[in-house]
Each structure stands twice: as structure tokens, then as C-alpha cells.
Amino acid sequence: MKKLRGFDKLIFVVNSLMAFALLLSYVLPFMAPKQFAFLSVLSLAVPALIIINILFGVYWLLNVKRQLLLSLFVLAIGYTHVFSLYKFSSSKNVDDSQNISVMNYNVRLFNVFDWIKDQNVKQDISNFIAEKQPDILCIQEYRPDAEVKLEGYFKYEELSGKQVKNGQAIFTKFPIVNSGSIEFPNTSNNAIFADVVKGADTIRIYNVHLQSLGIDPTVEKLKNENSENLLKRVSSTFKMQQFQTELFLKHKKDCPYKMIICGDFNNTPYSYVYKEIKGDLKDAFKQAGNGFGRTFDFKFFPVRIDFVLVDEGFKVNSFKTFDIKLSDHYPVMAKVKLEK
């Protein structure tokens, strides 16, 4: 610090704060929101903290200052966090006749309230799914709509609501032999499951939609948000997500089959709920994706809150995030192979 001039001293102070915040975020997945609600909110900012610390490192490198070691050290400690944000390798794409294609998509009620000013959204979503032909399709914020034609699938759906019936749905090209819902109290969110038969194997498919944060990601709306009220609301939501996760895990524990978990967790890979749900499962993006893996249309930094997780008995042969803006979420699809 002694050799730094006024402006650089200020930069280093801010750098130190950002590095400490990122360092603190590394323990967040182990801190239950019910006990550390306000701290857990920091998990939403981890992508931004990673990017900021990289920028600080570049700044000190260009200025040939040893202060670059601070962010470099913190980023190195949390390299797994960095790779959860961005995959540097090319996307894996292994063609195999035994591949099962699994798509997850939050369709935001097929744009029923015209959030996107385009009358063709429903048809475009139908056409997109028909073109990709996933073997398994998990949809959040689903509603039955005569204009949305998803043909050639067995279906299980669980709906609630009075004026607009909506919920979660699982579409599969494999016969469904068992299905059900894990109800989350005091919310329209829930988790559903379907046991499907592929050849001699039975596979459990879960579709999980955890409590929404209720944040409008547009710049104008965020400017008008009271920061204290926003923090309280997000903290309360994280507590609900933990409770919902506990209900889900209780059900998951009794599953006798290899499983695929899809869903919109409304939280990041740096969160407590993600760590708990993932457990020993494989994250398809980490296994075979590339780039930022952004799944939610947030204006400020890339956010990944939609996931495909698979049992250790599956090999992940590809993963792709599709850059189509027909919802506030982007569809993702993995191709997995069940290994004997």
C-alpha cells in the first residue's frame, strides 16, 4: 500500500472488499438460510464478484503491481466456483444411439400475459421443442394451452390456481409407470416426479421448482426497489427454499431408481439449496457445457438457476443452453447415457 498513489490506494481498498466478499461466499453453500438468511443473499452476487475480481486482477497486471496477487489468490482458492460460472473447454457432444436427451425449460406460462410483445411466442416454443425432440422434457410455469401442441409424449402435470391454472409438467417418450407431487405449503411452487421405463430400466425424473425471488430483473424496476425491503424479501424466500428443499430431499431419499433431476431452483450453483439437492449427482453443465451457461435473462451479469442433474450411473455426453428469448429463462438440454 505504501508504494501506491492516491487513486490506486482507493482501488485496492475496493479490491480488498470485493475479494473478502468472494472469499466469504465460498462458505455460503454450507450455511443454512434459516440461520444465516442475510448472508445467504450474497450467493446471488457470486457471478458478479467473480467477474469483478478478475477485472481487478487484469487492472493490477496491466499496471505491473503485485496487488494482483490478492484477487488471483482468492480466485484460485475458489476455482470450482469460477468453473461453475464459466466453462473454458469446448462443449462436449458425443453422439450415441443410447443417448437420452433431457430438456429443462421454464416457459413463463407461454407468455399468456404478453410480457414479450410477440403474438407468436407460443407457436415458436412449440416449434422449438418439436425441432429438438427431447426424450424427456421438464417444464416449469406450465399451463395447458390448446395452441401449444407437444405431440408424441406421455405426460404428467400438477396444476394449481383459480384464474390461470399453472404448475409443473413432465413430458416423456418413455411410458410412465408411477408419478406424483411433493407439495410445498403456502405456495404454488412444488416438485413432481415420474418413473419411466426405458428398456429394462426404470428411471425417476424429478421436476423441481423452488420458491421464486419475485425480483423484476429490469433496470427500471430494480432502481425503484427499496434495498432493505428487497433484502428482507430475498432472505425470507431463501428460508422457504430451504424448507422446500428439505421436503424434496426426504422424498428423494426413498427413491430406489437412478434419477434425473431437472428444475428451476431460483438460486445459483453457489447456494445452500443447490448443494443439498445436487449431493453426489452430476451437474450436466459442469460435465459437458461451455461458456457462461446463463439460463436466466438478468441484465447485469450471467445467472444460472436452471439445472439438469443426473445420477452417477449416467454419463453426460453433451449439454447446451439455447439462446432463444421466448421466456425470461433459456432452455437447456443435456444428452445422457445410462451406463450398466
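Here the structure is shown first, and the text comes after it.
Quick look at the structure, then. Note that the structure is a prediction, hence the values are computed from the model and not measured.

Before going further, it helps to spend a moment on the overall build of the protein chain. When its secondary structure is counted, the protein chain shows 10 helices and 12 strands. For a compact globule of 340 residues, the expected C-alpha radius of gyration is about 20 Å, and the protein chain comes in at 21 Å, within 12% of that figure. Overall, the protein chain is about 70 × 45 × 40 Å in size when its C-alpha atoms are taken along their principal axes. Scored against the burial criterion, the 340 residues of the protein chain give a buried share of 51%. Summarising the internal contacts of the protein chain: among those between residues at least 6 apart in sequence, 69% fall at separations of at least 24. Both charge centroids of the protein chain, one from 43 positive and one from 34 negative side chains, sit 8 Å from each other.

Here the focus is unusual backbone geometry. A positive phi angle is found at Val-64, which is not glycine, with a value near 50°. Following the sequence through the fold, Val-64 ends up in the loop between helix H3 (46-62) and helix H4 (68-77). Within the chain, Phe-110 stands out as a residue other than glycine whose phi angle is a positive 55°. Tracing the chain through its elements places Phe-110 in the loop between strand S1 (100-106) and helix H6 (121-132).

As a further point, take H6. With 12 residues, H6 should reach 16 Å at 1.5 Å per residue; the first-to-last C-alpha distance of 17 Å fits that figure. A positive phi of about 50° marks Gln-133, the residue just after H6.

Here the focus is the sheet that holds strand S5 (residues 176-183). Reading across from one edge, S5-S6-S7-S8-S10-S9 is the order of the 6 strands in this open sheet, with mixed pairing throughout. Bordering the open sheet on either side are S5 and strand S9 (282-283), each of which pairs with just one other strand. Strand direction decides the pairing type here: strand S7 (residues 201-209) and strand S8 (residues 258-264), joined by 7 bridges, are parallel. Note on S8: the bridge partner recorded for Ile-205 is Ile-260.

With that out of the way, let us pick up the sheet that holds strand S11 (residues 314-321). Taken in spatial order, the 6 strands make up an open sheet running S3-S4-S2-S1-S12-S11, and their pairing is mixed. Unpaired on one side and paired on the other, strand S3 (154-160) and S11 mark the two borders of the sheet. Pairs of neighbouring strands in the sheet enclose a mean axial angle of 15°, with direction left out of account. For S3 and strand S4 (residues 166-172), the ladder comprises 7 bridges, and the chain directions are antiparallel. Its bridge partner lying in S4, Tyr-156 is registered against Ile-170. Here H6 sits on the sheet in contact with S1, strand S2 (136-142) and strand S12 (332-338), set at roughly 165° to S1.

For the rest of this paragraph, the subject is the nonpolar core. With 26 residues, the main nonpolar core has Ile-100, Val-102, Ile-136, Ile-260, Val-308, Phe-314 and Val-336 as its most contacted residues. In terms of residue count, S12 provides more of this core than any other element does, 4 residues in total. Once residues within four sequence positions are removed from consideration, Val-336 is found in contact with Gln-98, Asn-99, Ile-100, Val-102, Ile-260, Val-310, Phe-314, Lys-315, Val-316 and Asn-317. One finds Phe-193, Leu-210, Cys-255 and Met-259 within the second-largest nonpolar core, a separate group that totals 20 residues.

Turning next to the packing of aromatic side chains. The tally for this structure, following the rule as stated, stands at 17 aromatic pairs. Residues Phe-298 and Phe-301 carry aromatic rings whose centres are separated by 5.1 Å and whose planes lie at 70° to one another, so their mutual orientation is edge-to-face. Pair check on accessibility: Phe-298 and Phe-301 agree, each one buried. Pairwise contacts between aromatic rings join Phe-110, Tyr-142, Tyr-153 and Phe-171 into one cluster.

A word on the pattern of salt bridges. Pairing between side chains becomes possible if they bear opposite charge and their charged atoms approach one another. Scanning the entire structure with this criterion turns up 12 salt bridges. With a shortest N-O distance of 2.6 Å, Glu-276 and Lys-275 are connected by a salt bridge. Residues Lys-299 and Asp-297 are paired through a salt bridge, measuring 3.4 Å at the closest nitrogen-oxygen approach. Exposure remark for Lys-299: the relative accessible area of 49% places this residue in the partly exposed category.

Cut-off values and rules
- Residues numbered from 1 in each chain as written.
- Predicted model: local features only at pLDDT ≥ 70, side-chain atom pairs only at ≥ 80, totals over all residues.
- Heavy atoms only, no water.
- Helix = DSSP H or I, 4+ residues; strand = E, 2+ residues; numbered from the N terminus.
- Rg over C-alpha atoms; globule rule 2.2 N^0.38 Å.
- Buried < 20%, exposed > 50% of the residue type's maximum accessible area, 1.4 Å probe, protein only.
- Contact = heavy atoms within 4.5 Å.
- Lys, Arg positive; Asp, Glu negative; His and termini not counted.
- Charge placed at Lys NZ, Arg CZ, Asp CG, Glu CD.
- Expected span 1.5 Å × (residues − 1).
- Pairing = 2+ DSSP bridges.
- Axes fitted to C-alpha atoms, helices over the stretch in contact; angles between N-to-C directions.
- Core = buried A, V, L, I, M, F, W, Y, C linked by side-chain atoms within 4.5 Å.
- Phe/Tyr/Trp six-rings, centres within 6.5 Å; stacked < 30°, edge-to-face > 60°.
- Salt bridge = Lys/Arg side-chain N within 4 Å of Asp/Glu carboxyl O.

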